[in-house]
Protein chains: 2
Amino acid sequence: MSTTILENARLVTLAQGNGARTPRRGDEMEHLGVIERGWVSIESGRITGMDEGTPPGGEAGSDEVRIDVEGRVVMPGLVDCHTHACWAGCRFDEFDEKLRGASYLEILAAGGGIMSTVRSVRSASVEELTSNLLHRIEQMTRLGSTTIEVKSGYGLSTEAELKMLEAIRSAKQLIEPIVIPTFLGAHAIDPDNPDFIEQTINETLPAVAQAFPGIACDAYCEDGAWSLDQCRRLFEEAQALGCPIRVHADQFNSLGATRLAIESGAVSVDHLEATTPDDLRALAHSDTMGVLLPASGYHLGEGYASGRAFVDLGGAVAIASNFNPGSAPTPSMPFAIHLAVNRCRLTPSEAITAATWNAACVLGLQDEIGSIEIGKRADLVVLDSTDERALAWEFAMPGPRLIMIAGQIHDLTPLGG
Amino acid sequence: MSTTILENARLVTLAQGNGARTPRRGDEMEHLGVIERGWVSIESGRITGMDEGTPPGGEAGSDEVRIDVEGRVVMPGLVDCHTHACWAGCRFDEFDEKLRGASYLEILAAGGGIMSTVRSVRSASVEELTSNLLHRIEQMTRLGSTTIEVKSGYGLSTEAELKMLEAIRSAKQLIEPIVIPTFLGAHAIDPDNPDFIEQTINETLPAVAQAFPGIACDAYCEDGAWSLDQCRRLFEEAQALGCPIRVHADQFNSLGATRLAIESGAVSVDHLEATTPDDLRALAHSDTMGVLLPASGYHLGEGYASGRAFVDLGGAVAIASNFNPGSAPTPSMPFAIHLAVNRCRLTPSEAITAATWNAACVLGLQDEIGSIEIGKRADLVVLDSTDERALAWEFAMPGPRLIMIAGQIHDLTPLGG
């Protein structure tokens with residue numbers, strides 16, 4: 001049996017002494033479970049051993065590969081729990097227009113905005129969507145993400161939503177990183193379909209739940225998108241079908257979706273830029289997690305969620321890239337971590353917890369990934385630094401030095417440095 | 001003779017039909033010299049041919065490697081004309097303190113700020129500085145930079161400035177990207193040396209000019225750093241020694257250094273965040289170039305230079321990363337391009353001109369690099385996109401797909417995607 005050992009590592013394990021398997025909240029997020037100089041061994045894609053100091057000598061004749069990481073940080077692969085990475089088309093022309101001073105309404109009138117992506121996705125084949133998504137997963141992985149959630153939501157019809165989810169499933173089967181689909185039929189309102197809301201709730205959702213049992217159901221609750229009442233009806237139906245609930249809430253306006261999510265026992269509320277202090281407190285005291293998506297606040301210049309306040313209130317927070325073609329054209333989890341620290345005022349340790357263990361909890365995968373523990377899948381990154389704070393205090397970096405996915409090593413330094 | 005051909009490429013040549021070798025200014029910056037579907041051939045590290053369409057068939061028995069780039073953008077390697085990438089030590093503790101609310105003065109009192117880096121550099125060996133710099137050049141190159149300027153300026157004594165420049169020269173000899181040193185003895189004021197200004201002008205500068213003939217002389221003109229009169233004296237001495245002049249001006253306060261630079265025939269004025277409209281106009285109408293360093297405005301949250309106004313006034317602009325451990329901890333030229341567009345309002349084409357041809361002009365290297373032309377050094381990047389606007393409209397990306405430095409190919413997609 002072939003064994004790989006990463007030695008001479010600063011192990012940022014994210015393991016918790018008390019063995020708790022729940023999201024870390026408030027103060028708990030500061031504790032990274034660091035082993036300052038240690039090693040981790042991997043066999044058949046799993047973590048089989050770890051400790052401080054030097055690893056025990058290999059048995060004679062053992063097929064063992066040792067990699068000296070020279071004091072660099074070894075930590076769990078990043079978990080991107082909120083992306084819209086499955087799309088077709090390109091919105092650069094729209095960005096050019098915006099730069100020239102075109103208003104939001106002018107861009108919409110010219111065919112821009114989310115419906116432009118919907119049109120491109122509807123006319124794309126499953127194969128094209130799969131190929132595009134594989135390319136983007138590769139970009140995300142080069143930057144350190146080893147588990148990636150991908151939402152539908154650019155189809156907005158039963159057929160096109162199922163096509164997107166089929167492309168996400170195909171990508172999942174073709175690539176090593178873990179890929180988790182989410183159903184976001186409630187992303188925008190199709191202006192050309194007067195029955196859109198009813199159809200999404202009564203036809204698309206049941207069809208998706210049948211084809212993808214247990215898939216999470218997400219909604220975008222915002223002025224001009226799904227209303228609070230529409231979301232409530234969707235969530236009731238989703239729960240009846242056994243689908244966990246997530247919601248995009250309070251990106252620009254606070255419509256009450258955070259309260260609805262708490263009452264519905266939702267897994268997460270994502271965005272939180274415009275959440276009221278009262279709602280933030282209620283969320284922090286609930287079992288529903290908050291997901292920060294600071295890349296869109298950065299791109300749109302619209303401000304950031306109060307991450308610091310949420311953690312101080314005892315909330316459980318995750319961070320995600322929100323990778324999408326309109327408001328967050330970036331595949332970078334490290335940049336999301338950097339913004340969560342520099343703009344949402346989390347500490348570097350809190351942000352790292354939010355991007356690993358807590359993000360794994362959002363996806364229900366904390367027994368498989370999100371920390372370095374014996375028995376877990378060997379999804380690891382070796383940072384190009386001996387200090388994990390580099391993820392927070394440097395930005396737009398080229399990504400980790402090595403990435404290990406299910407025990408397979410990918411050396412990301414072809415310049416040989 | 002072995003020939004490499006990149007074919008099926010969108011060639012963004014930056015070549016100018018009229019053959020002018022001067023910086024592009026105003027409207028001229030919009031023209032990228034695009035060949036929509038073409039090829040470029042490379043032999044012995046040089047560009048030997050290029051045209052639209054498909055390349056002529058290789059002669060029988062010729063040792064020719066053809067790479068189909070599948071419509072992706074092939075463009076000149078990025079030229080980073082302003083970095084402080086040679087340093088020792090780490091300022092993450094200081095960033096942690098700032099996050100906890102420490103003021104600038106408290107951080108200074110605790111030993112932070114630029115003088116903390118100066119102390120680390122003074123106690124580092126040439127070998128340590130060289131090794132650190134090589135690591136950072138590798139990071140910059142992974143993101144697409146193939147020519148990199150590096151300033152001294154953390155030594156602030158004759159001995160320590162020469163040590164830094166020695167490290168930069170060593171790195172230059174050990175690595176394929178072009179490395180250009182600049183003397184920045186006038187970076188800060190050593191508070192412990194009452195003769196610091198006189199010594200820098202009368203002792204350090206002449207010693208540096210002797211050891212590095214023709215090296216550019218740079219100064220940081222700002223409240224608390226070098227005054228306008230001190231810069232004037234330094235520049236007079238530098239010119240007498242045959243050193244071209246550059247200046248950091250108007251980062252926080254407008255002290256008149258932009259006017260001084262124009263009068264002195266300086267190569268460039270870098271920063272420009274606080275430049276007055278009158279000075280901006282004077283600069284645009286002069287032969288001195290303006291260099292945007294938007295990563296520090298981003299990192300400090302202090303605002304950006306009026307790049308749009310400067311180009312509209314007919315100015316010649318370059319963009320650089322400003323990579324340094326305090327105000328711009330990023331090696332990324334693509335991120336600087338992105339900020340120059342999204343925050344300084346340049347168009348994507350203007351920003352690409354600013355990061356290639358014009359940046360080469362700042363370093364006096366436009367006959368060697370900065371465009372795809374026959375006879376030039378084969379420093380090329382193959383973007384991970386068929387649209388060069390990806391450099392502007394996406395951000396924190398993992399870097400180009402392929403990098404060619406002096407004809408040598410580095411494949412940056414070890415994930416095999």
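First things first, this report covers the structure right here in the doc.

1. A closer look at the side chain of B:Thr4
(1) Moving on: On the secondary structure map, B:Thr4 appears in strand E1 (residues 3-12).
(2) Moving on: If sequence neighbours within four positions are ignored, B:Thr4 has contacts with B:Val40, B:Ser41, B:Ile42, B:Val65, B:Ile67, B:Met404 and B:Ile409.

2. Comments concerning the interface of chain B and chain A
(1) Moving on: Each side of the interface is counted separately: chain B has 49 residues, and chain A has 49 residues.
(2) Moving on: Taking both partners together, chain B and chain A bury about 4600 Å²; carbon and sulfur atoms supply 59% of that area.
(3) Moving on: Scanning the region where chain B abuts chain A turns up six salt bridges.
(4) Moving on: For the salt bridge of B:Arg389 with A:Asp93, the shortest nitrogen-to-oxygen distance reads 2.8 Å.
(5) Moving on: Run the count over chain B and chain A and you get 22 residue pairs in polar contact (both at pLDDT 80 or more).
(6) Moving on: Per-element accounting of the side of chain B that touches chain A gives the leading share, six residues, to helix H1 (residues 92-99) of chain B.

3. Re the sheet that holds strand E8 (residues 178-186) of chain B
All names here are of chain B.
(1) Moving on: Read from one edge to the other, the open sheet built from eight strands follows the order E6-E7-E8-E9-E10-E11-E12-E13, with strand pairing classed as parallel. The open sheet terminates on both sides in strands that have one partner only, identified here as strand E6 (78-80) and strand E13 (317-319). Here the strands of the sheet are splayed against their neighbours by 25° on average, with no regard to which way each runs.
(2) Moving on: Of the pairings in the sheet, the one linking strand E10 (residues 245-249) to strand E11 (residues 268-271) comprises four bridges and is parallel in character. When the sheet's bridge partners are listed, His248 is paired in E11 with Asp270.
(3) Moving on: The strands touched by helix H6 (residues 196-211) within the sheet are E8 and strand E9 (216-221), with E8 carrying the most contacts at an inclination of about 150°.
(4) Moving on: The sheet strands contacting helix H12 (residues 333-342) are E6, strand E7 (145-151), strand E12 (289-292) and E13, and the helix crosses E6 at an angle near 90°.

4. A look at the pairing of strand E2 (residues 34-43) of chain B
Residues and elements named next belong to chain B.
(1) Moving on: Where E1 and E2 come together, seven bridges link them in antiparallel fashion. Paired with Leu11 across the two strands is Ile35, which belongs to E2.
(2) Moving on: Sheet analysis places E2 next to strand E3 (residues 46-52), joined by six bridges and oriented antiparallel. Note on E3: the bridge partner recorded for Val40 is Met50.
(3) Moving on: Between E2 and the antiparallel strand that follows it, E3, lie two residues; Ser44 among them carries a positive phi value of about 50°.

5. Quick look at the packing of aromatic side chains
(1) Moving on: Enumeration according to the criterion identifies 16 aromatic pairs over all chains in this entry.
(2) Moving on: When the ring of B:Phe196 is compared with that of B:Trp226, the centres are 6.1 Å apart and the planes differ by 75°; the resulting orientation is edge-to-face. Residue B:Phe196 is located in helix H6, and its partner B:Trp226 is located in the loop between E9 and helix H7 (228-240); the two are separated by 30 residues in the primary sequence.
(3) Moving on: For B:Phe196, a relative accessible area of 2% puts it in the buried group.
(4) Moving on: In this structure an aromatic cluster arises from ring pairing among A:Tyr298, A:Phe335, A:Phe395, B:Tyr298, B:Phe335 and B:Phe395.
(5) Moving on: Just above the ring of B:Tyr298 sits the side chain of A:Arg343; from NZ or CZ to the centre is 4.6 Å.

6. Brief notes about the packing of helix H5 (residues 158-174) of chain B against H6(B)
Residue and element names in this part refer to chain B.
(1) Moving on: In the contact formed by H5 and H6, the axes pass within 9 Å of each other and the chain directions differ by 25°. When the interaxial angle is binned, H5 and H6 end up roughly parallel. In this structure, the crossing between H5 and H6 has a hand that is right-handed. Residues Thr158, Glu161, Leu162, Leu165 and Arg169 of H5 form the contact with H6, whose participating residues are Glu203, Thr204, Ala207, Val208 and Ala211.

7. Looking at the state of the cysteines
(1) Moving on: Inspection of the entire model under this criterion finds zero disulfides over all chains.
(2) Moving on: Here A:Cys81 is not cross-linked by a disulfide; its sulfur's nearest cysteine counterpart is in A:Cys361, at 10 Å.
(3) Moving on: Using a relative accessible area of 0% as the deciding quantity, one classes A:Cys81 as buried.
(4) Moving on: The thiol sulfur of B:Cys243 is not disulfide-bonded, and the nearest other cysteine sulfur, from B:Cys217, lies at 6.2 Å.
(5) Moving on: Assessed through its relative accessible area of 3%, B:Cys243 is described here as buried.

Definitions and limits used
Just so you know, the residues in each chain are numbered from 1, in the order the chain's sequence is written. Here the convention is simple: chains get letters from A, ligands get numbers from 1, in the order in which they are written. Residue-level local features of this predicted model are given only where pLDDT is at least 70; pairs of side-chain atoms are given and counted only at 80 or more, and the full residue set underlies all totals for whole chains, interfaces and linings. Hydrogen atoms and water are omitted, and side-chain values are computed over all heavy atoms in the structure. Only runs of H or I of at least four residues qualify as helices and only runs of E of at least two qualify as strands under DSSP, and these elements are numbered from the N terminus. Should any heavy atoms of two residues lie within 4.5 Å, those residues are counted as being in contact. Buried area: the accessible area, evaluated with a 1.4 Å probe, that two parts lose upon being put together, summed over both parts. Note on definitions: salt bridges are taken to be side-chain nitrogens of Lys or Arg within 4 Å of carboxyl oxygens of Asp or Glu. Here a polar contact means two N or O atoms within 3.5 Å. Within protein one must be a hydrogen donor candidate and the other an acceptor candidate, and residues neighboring in sequence count only if both atoms are side-chain atoms. Any two strands between which DSSP finds at least two bridges are classified as paired. Interaxial angles span 0 to 180 degrees and are taken between N-to-C directions of axes, which are lines fitted to C-alpha atoms, for helices over the stretch in contact. Classification of ring pairs rests on two measures: the distance between centres of Phe, Tyr or Trp rings, Trp counted by its six-membered ring, which must be within 6.5 Å, and the angle between planes, read as stacked under 30 degrees, edge-to-face over 60 and tilted in between. Think of it in three bands: with a 1.4 Å probe and only protein chains considered, a residue is buried below 20% of the maximum accessible area for its type, exposed above 50%, and partly exposed in between. Only when the NZ of Lys or the CZ of Arg is both within 6 Å of the ring centre and within 35 degrees of the ring normal is a charge said to sit over the ring. Each angle gets one of four labels, with under 35 degrees taken as roughly parallel, over 145 as roughly antiparallel, 65 to 115 as roughly perpendicular, and the rest as oblique. Left-handed is the label given to a crossing in which the near helix is rotated counterclockwise from the far helix by less than a right angle, and right-handed is the label when the rotation is clockwise. Two cysteine sulfur atoms make up a disulfide if the distance between them is within 2.5 Å.

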